[in-house]
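Coordinate inspection notes
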Amino acid sequence: FREGARRARSIIQTKHRRLQLTLDALGPEPLTVDQLTHAVYGKAVRPFQIRMAMAEMLGQLAYLHKRGWVERVTLPNATTAFRRAKPGGSGGFPQGVPDRSGDGVVSSSCR
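Everything numeric here is computed off the predicted structure, so don't read it as measured data.

How each quantity is defined
- Residues numbered from 1 in each chain as written.
- Predicted model: local features only at pLDDT ≥ 70, side-chain atom pairs only at ≥ 80, totals over all residues.
- Heavy atoms only, no water.
- Helix = DSSP H or I, 4+ residues; strand = E, 2+ residues; numbered from the N terminus.
- Buried < 20%, exposed > 50% of the residue type's maximum accessible area, 1.4 Å probe, protein only.
- Contact = heavy atoms within 4.5 Å.
- Areas by Shrake-Rupley, 256 points an atom, 1.4 Å probe, with all protein chains shown as cover.
- Expected span 1.5 Å × (residues − 1).
- Arc of directions from axis to C-beta.
- pLDDT = per-residue confidence, 0-100.
- Pairing = 2+ DSSP bridges.
- Axes fitted to C-alpha atoms, helices over the stretch in contact; angles between N-to-C directions.
- Parallel < 35°, antiparallel > 145°, perpendicular 65-115°, else oblique.
- Left-handed = near helix turned anticlockwise from the far one by under 90°.
- Nonpolar A, V, L, I, M, F, W, Y, C, P; charged D, E, K, R; others polar.

Turning our attention to the overall build of the protein chain. Of the regular secondary structure elements, the protein chain holds 3 helices and 2 strands. When the helices and strands of the protein chain are read in sequence order from the N terminus, they spell out α-α-α-β-β. Here the protein chain holds 111 residues, and the buried ones make up 29% of them. By sequence separation, contacts in the protein chain at least 24 residues apart represent 50% of the contacts at least 6 residues apart. Here the protein chain displays about 7400 Å² of accessible surface, and carbon together with sulfur accounts for 53% of that area.

If you want it as C-alpha cells, here you go:
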C-alpha cells in the first residue's frame with residue numbers, strides 16, 4: 001500500500017486534532033455525547049453520518065476518561081454527560097500522548 005506511512009501519520013494527526021477539539025469543547029458544565037458531537041463535528045457531517053460521529057466521540061471520551069482528563073457524570077434526569085476533569089483544565093494532551101508534529105512517533109500509551 002503506497003504512501004502507507006504518510007497516511008498513518010495523517011490519521012494520527014486527525015485523531016489528535018479531534019481529541020483537542022473535544023477537550024476544548026468541555027468545561028466545568030457537563031455536556032452529553034450528542035452536545036459534544038455537534039460541538040466538535042458541527043456541520044462537517046451529514047445527518048446520516050451523525051451516528052458514526054457519535055461513535056467516534058464515544059471513543060474519544062473513553063480515551064480521555066481513562067487518562068483522567070474527563071469525568072463522567074449522571075445528570076438528574078439519568079442522562080450520562082461529561083465534563084473536564086479537575087485539575088487539568090488548561091488544555092493540551094495528557095502526558096504520554098504523541099504530539100501533532102507528524103513525526104509518526106506513537107508513545108506506548110496510544111498502542
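The subject of this paragraph is helix α1 (residues 4–25). When the terminal C-alpha atoms of α1 are compared, their 32 Å separation across 22 residues agrees well with the 32 Å that a helix rising 1.5 Å per residue should span. Among all positions in α1, only His16, Leu19, Gln20, Thr22 and Leu23 are buried. Along α1, the residues classed as buried sweep out an arc of 160 degrees about the axis, all on the same side. Among the exposed residues of α1, those pointing more than 90 degrees away from its buried face are Arg6 and Asp24. Looking at the packing, one finds that the buried side of α1 touches α2 (33–41), α3 (50–66) and β2 (80–84).

With a phi angle near 60 degrees, glutamate 3 is a residue other than glycine that sits in the positive phi range. Among the secondary structure elements, glutamate 3 is positioned in the segment before α1. Phi is positive for alanine 78, which is not a glycine, with a value near 75 degrees. Examined against the element boundaries, alanine 78 turns out to sit in the loop between β1 (70–74) and β2.

Taken residue by residue, the protein chain gives an average pLDDT of 81. The fraction at 70 or more is 77%. Scored below 50 in pLDDT, residues 95–111 makes 28 contacts in the model with residues more than four places away or belonging to other chains.

Bridge count between β1 and β2: 5 bridges; the pairing is antiparallel. Bridging from a neighbouring strand, glutamate 71 pairs with arginine 83 of β2. Between β1 and β2, which pair antiparallel one after the other, the connecting turn spans 5 residues, and alanine 78 there sits at a positive phi close to 75 degrees.

Packing of α1 against α2 leaves a shortest axis separation of 9 Å and a crossing angle of 120 degrees. In terms of orientation, α1 lies oblique with respect to α2. Here α1 runs over α2; the crossing is right-handed. Contacts from Arg18, Leu21, Thr22 and Ala25 in α1 reach Leu36, Ala39, Val40 and Tyr41 in α2. Grouping the amino acids of the contact of α1 with α2 by side-chain chemistry returns 6 nonpolar, 1 polar and 1 charged.

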